[in-house]
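Per-entry structural report
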Amino acid sequence: MFISTRSPLVPVVALGLAAAIFAVDALTPLDVAIAVLYVAVVLLSVAVWPRRGVIAVTGLCIALTLIAYGMSHGFAQNDAALARCLVSLAAIAITGFLALKGQAAALALLEREEALNQARGQLAHASRVSTLGELAASIAHEVNQPLAAIETHGEACLRWMNRPEPDLGEVRTAVQAMQRDARRASEVIRRIRGMASQSAPAFIALDVNEVVAESCDLLRRELQRHGAGLKLDLQSDLPAVKADKIQLQQVIINLVMNAAQAMAGAGARERRIEVRSFVDRDGGGENGQNGQHVDAPAVVVEIADSGPGFAPDDLKRLFDAFFTTKQDGMGMGLPICRSIIESHGGAIRAWNRAPHGAAMAFRIPVAASAVELPA
Ligand code: ADP
């Protein structure tokens with residue numbers, strides 16, 4: 001039977017084993033160093049107890065070995081038994097020492113990994129906030145539009161009420177429109193607050209199409225400013241993926257803005273961005289950027305543009321930190337996108353389209369428990 005090291009049975013097994021070894025060692029006349037088996041107890045203790053617990057278990061095993069020796073041999077001169085006892089004590093002490101060292105190294109590794117994850121999160125957050133700065137005009141427009149509409153509906157509402165015979169039907173319609181616009185404005189603000197917040201990622205079942213649509217909503221004005229047209233081609237009934245919504249939005253916004261900026265920067269006459277989503281059932285056995293095999297069913301989002309594309313040498317460096325061809329670029333957008341997608345178990349890649357234009361696509365595996373979205 002396999003017992004996980006997290007199982008509550010482990011301490012019971014460890015203590016039971018110690019008791020059994022002690023009984024055999026103290027009460028049977030076996031001429032073997034049975035107490036050496038206490039190393040198994042010490043090793044089991046590393047899996048379940050912190051440093052102090054391991055020290056206590058090692059001390060207990062040493063004490064039990066000495067007590068058993070005292071019970072079976074007392075002060076009688078028995079060199080062979082004494083040698084066996086010393087070998088057992090040395091084995092227990094050395095195992096305890098090595099176990100503690102191993103435990104400390106594993107803890108240090110965990111702490112380093114946590115610090116790295118935190119730093120990654122902070123970097124992604126800083127990049128999100130800087131993107132929000134770039135989108136300020138767009139955001140203001142998205143909030144302003146429903147507010148202006150509310151004002152218009154309010155005026156209409158007053159007019160209907162101030163008539164000699166108020167038309168309550170029209171008043172109701174105007175108030176309902178005001179409610180709808182107020183919801184729209186608060187929804188935009190909620191999204192912006194989400195992007196500006198620095199909360200830990202929450203991996204939940206998401207409809208990628210919804211995230212694409214919401215992200216593109218925020219970009220509408222920005223795309224207009226760059227003279228770029230946007231076409232969405234989203235496969236309906238996509239299976240859900242387990243993902244952090246804010247991080248996914250960040251990736252989509254980054255890729256679409258890069259496409260718009262590349263086309264505007266190159267003075268492209270035709271500026272088209274196409275965002276596609278679809279399911280890749282077998283994954284095609286593709287390799288991720290880190291060489292990992294990516295062949296699970298996945299949702300793929302592809303962003304293609306009609307811009308200048310990538311210079312062949314740049315294609316290899318796109319995801320390197322600080323690689324940029326823009327005058328005021330930071331070169332951190334794509335590395336952050338890659339780190340986000342890989343933290344979702346996915347992969348991202350870039351290629352040139354024929355006859356011209358760039359394309360980037362990321363894939364996120366369909367989570368087994370999230371294949372169907374809740375209705
Ligand atoms: P930044 O936007 O600060 O330059 P990124 O990491 O987002 O940083 O992008 C790195 C580089 O990748 C850009 O400077 C640009 O040269 C190139 N790039 C990204 N997307 C496109 C695209 N759609 N078309 C052409 N080049 C692109």
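Residues numbered from 1 in each chain as written. Predicted model: local features only at pLDDT ≥ 70, side-chain atom pairs only at ≥ 80, totals over all residues. Heavy atoms only, no water.

1. Things to note about the UniProt feature "transmembrane region" (unreviewed entry) in the chain
According to UniProt, the positions carrying the feature "transmembrane region" (unreviewed entry) are residues 33-49, 54-75 and 81-100. Within residues 54-75, the helical portion is 91% and the strand portion 0%, while the C-alpha atoms at the span's ends are 30 Å from each other. (UniProt positions renumbered as here; feature names shortened; annotations may be inferred. Helix = DSSP H or I, 4+ residues; strand = E, 2+ residues; numbered from the N terminus.)

2. Side note on the side chain of Thr-131
By secondary structure assignment, the location of Thr-131 is in helix H4 (residues 79-134). A polar contact of 2.8 Å, which involves the side chain of Thr-131, links it to the backbone oxygen of Ser-127. Excluding residues within four positions of it along the chain, Thr-131 makes contact with Ile-253 and Met-257. (Polar contact = N/O pair within 3.5 Å; in protein donor to acceptor, adjacent residues only side chain to side chain. Contact = heavy atoms within 4.5 Å.)

3. A short note on the sheet that holds strand E2 (residues 229-234)
With mixed pairing, the five strands of this open sheet are ordered in space as E2-E4-E7-E9-E8. Among the strands making up the open sheet, the edge pair consists of E2 and strand E8 (347-352). If you compare each strand with its neighbour and ignore which way they point, the axes differ by 15° on average. The strands touched by helix H7 (residues 208-225) within the sheet are E2, strand E4 (272-280) and strand E7 (298-305), with E2 carrying the most contacts at an inclination of about 175°. (Pairing = 2+ DSSP bridges. Axes fitted to C-alpha atoms, helices over the stretch in contact; angles between N-to-C directions.)

4. What about helix H1 (residues 9-27)?
Counted at 1.5 Å a residue, the expected span for H1 with its 19 residues is 27 Å, and the 26 Å between its end C-alpha atoms agrees. The secondary structure elements touched by the buried residues of H1 are helix H2 (38-48) and helix H3 (51-73). (Expected span 1.5 Å × (residues − 1).)

5. Some points on the packing of helix H8 (residues 245-265) against helix H10 (residues 333-343)
Running from amino to carboxyl end, H8 crosses H10 at an angle of 145°, the nearest separation of the two axes being 10 Å. Of the two possible hands of crossing, H8 and H10 adopt the one that is left-handed. Between H8 and H10, the residues in contact are Gln-247, Leu-248, Gln-250, Val-251, Asn-254, Leu-255 and Asn-258 and Gly-333, Leu-334, Ile-336, Cys-337, Ile-340, Ile-341 and Ser-343, respectively. Per-class residue counts for the contact of H8 with H10 are eight nonpolar, six polar and no charged. (Left-handed = near helix turned anticlockwise from the far one by under 90°. Nonpolar A, V, L, I, M, F, W, Y, C, P; charged D, E, K, R; others polar.)

6. Details of the packing of helix H5 (residues 136-162) against helix H6 (residues 168-196)
At a minimum axis distance of 9 Å, the contact between H5 and H6 shows a crossing angle of 165°. The angle between H5 and H6 places the two elements in the roughly antiparallel class. Between H5 and H6 lies a crossing whose hand is left-handed. Residues that form the contact of H5 with H6 fall into these classes: 19 nonpolar, three polar and four charged. (Parallel < 35°, antiparallel > 145°, perpendicular 65-115°, else oblique.)

7. Quick notes on the packing of aromatic side chains
Within this structure, the stated rule accounts for zero aromatic pairs. We note Arg-349 situated over the ring of Trp-351; from NZ or CZ to the ring centre the distance is 4.4 Å. (Phe/Tyr/Trp six-rings, centres within 6.5 Å; stacked < 30°, edge-to-face > 60°. Lys NZ or Arg CZ within 6 Å of the ring centre and 35° of its normal.)

8. Considerations on the site of the ligand
Residues in contact with the ligand amount to 20 residues; listed here are only the nearest, Thr-324, Thr-325, Lys-326, Met-330 and Leu-334. In the model, an oxygen atom of the ligand is placed 3.3 Å from a nitrogen or oxygen of the Gly-333 main chain. Taking 540 Å² as the accessible area of the ligand by itself, protein coverage stands at 91%. Secondary structure elements with two or more residues in the shell around the ligand: H8 and H10. In terms of residue count, H8 provides more of the shell around the ligand than any other element does, four residues in total. (Near = heavy atom within 4 Å. Areas by Shrake-Rupley, 256 points an atom, 1.4 Å probe, with all protein chains shown as cover.)

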